Amino acid sequence: QKEVEQNSGPLSVPEGAIASLNCTYSDRVSQSFFWYRQYSGKSPELIMSIYSNGDKEDGRFTAQLNKASQYVSLLIRDSQPSDSATYLCAVSDNNAGNMLTFGGGTRLMVKP
Amino acid sequence: DVKVTQSSRYLVKRTGEKVFLECVQDMDHENMFWYRQDPGLGLRLIYFSYDVKMKEKGDIPEGYSVSREKKERFSLILESASTNQTSMYLCASSLLGTGWTEAFFGQGTRLTVV
């Protein structure tokens, strides 16, 4: 069974700092990797996707992928209190159905 | 905008009842999914479907069944609700493709079985 592991947190960072969220996965055939943000009581929303090794930047967010180490991370620069949420890592092996396997999520708290 | 709509935001059912959770998407997506989310366990896949009348078991299908008679609608059925099925249920949909495509989630149904 595929496993996706995240530290549950909470990860607490001061406003303006860099938040670093980490995720490891067990299935080497995983091809696609995603970060979802979930506010309390709301459904997950996609914030980043990454498919190849290296970094991918989108505004204040940077996703990093290292397939050899089976590791994916999300960096949030200039963290804001509105970034406080649970961040879910998800992986897919791109088989029929594009089934996503989710980690347990890391709760991020950004303190003013 | 893609819209995935779940029929109820909150439900309270009694043990042993048959429960239907409905999900409708309006973007002609082939794939539809049902997850449950519990504290500390993340999202776990119950069932998914990549075509009408097709269904595949996910990681935790026991106690659940699904129905997909039309492309836009995917129903989750709890044949005989039990207290351990108290959870947040999330429906999602995505396009079927050779690569991954974004999954869009409904607003969730918080089910309490008493």
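Up top is the structure these notes are about.
Note that the structure is predicted; figures quoted are calculated from it, not measured.

## Focus on the nonpolar core
Soluble globular proteins tend to bury their nonpolar side chains together.
Alright, step 1. Residues F33(A), W35(A), V72(A), L74(A), I76(A), Y87(A) and L108(A) are the most contacted members of the largest nonpolar core, which totals 23 residues.
Alright, step 2. Of all the elements in the fold, those that place two or more residues in this core are β3 (19-25), β4 (32-38), β5 (45-50), β7 (61-66), β8 (71-76), β9 (85-92) and β11 (106-111) of chain A.
Alright, step 3. Excluding residues that lie within four positions of it along the chain, F33(A) makes contacts with Y25(A), M48(A), S49(A), I50(A), L65(A), K67(A), V72(A), A90(A) and V91(A).
Alright, step 4. By size, the runner-up hydrophobic cluster in this structure holds 20 residues, among which are V19(B), L21(B), I60(B) and V66(B).

## Digging into the sheet that holds β3(A)
All names here are of chain A.
Alright, step 1. Pairing is antiparallel across the open sheet formed by five strands, whose spatial order is β1-β3-β8-β7-β6. In this open sheet, the two strands that pair with only one neighbour each are β1 (4-5) and β6 (54-58).
Alright, step 2. Where β7 meets β8, six bridges bridge the pair, whose relative direction is antiparallel. Residue pairing across strands places Q64 opposite S73, the latter belonging to β8.

## Considerations on the pairing of β11(A)
Residues and elements named next belong to chain A.
Alright, step 1. The side-chain alternation of β11 yields one buried face, formed by T106, L108 and V110, and one unburied face, formed by R107, M109 and K111.
Alright, step 2. Pairing geometry for strand β2 (residues 11-14) and β11, over four bridges, is parallel. In the sheet register, S12 faces β11, and the bridge partner there is M109.
Alright, step 3. Sheet topology note: the β9/β11 ladder contains three bridges and is antiparallel. Within β11, the position partnered with Y87 by the bridge is T106.

## Here we look at the pattern of salt bridges
Residues and elements named next belong to chain B.
Alright, step 1. Counted under the stated rule, the structure contains nine salt bridges over all chains.
Alright, step 2. K53 serves as the salt-bridge partner of E69, at 2.4 Å between the closest nitrogen and oxygen. In this pair, E69 sits in strand β7 (residues 64-70) while K53 sits in the loop between β5 (42-49) and β6 (56-57), placing the two residues 16 residues apart along the sequence.
Alright, step 3. Classification of K53 by relative accessible area gives exposed; the value is 58%.

How each quantity is defined
- Residues numbered from 1 in each chain as written.
- Chains lettered and ligands numbered in written order.
- Predicted model: local features only at pLDDT ≥ 70, side-chain atom pairs only at ≥ 80, totals over all residues.
- Heavy atoms only, no water.
- Core = buried A, V, L, I, M, F, W, Y, C linked by side-chain atoms within 4.5 Å.
- Buried < 20%, exposed > 50% of the residue type's maximum accessible area, 1.4 Å probe, protein only.
- Helix = DSSP H or I, 4+ residues; strand = E, 2+ residues; numbered from the N terminus.
- Contact = heavy atoms within 4.5 Å.
- Pairing = 2+ DSSP bridges.
- Salt bridge = Lys/Arg side-chain N within 4 Å of Asp/Glu carboxyl O.

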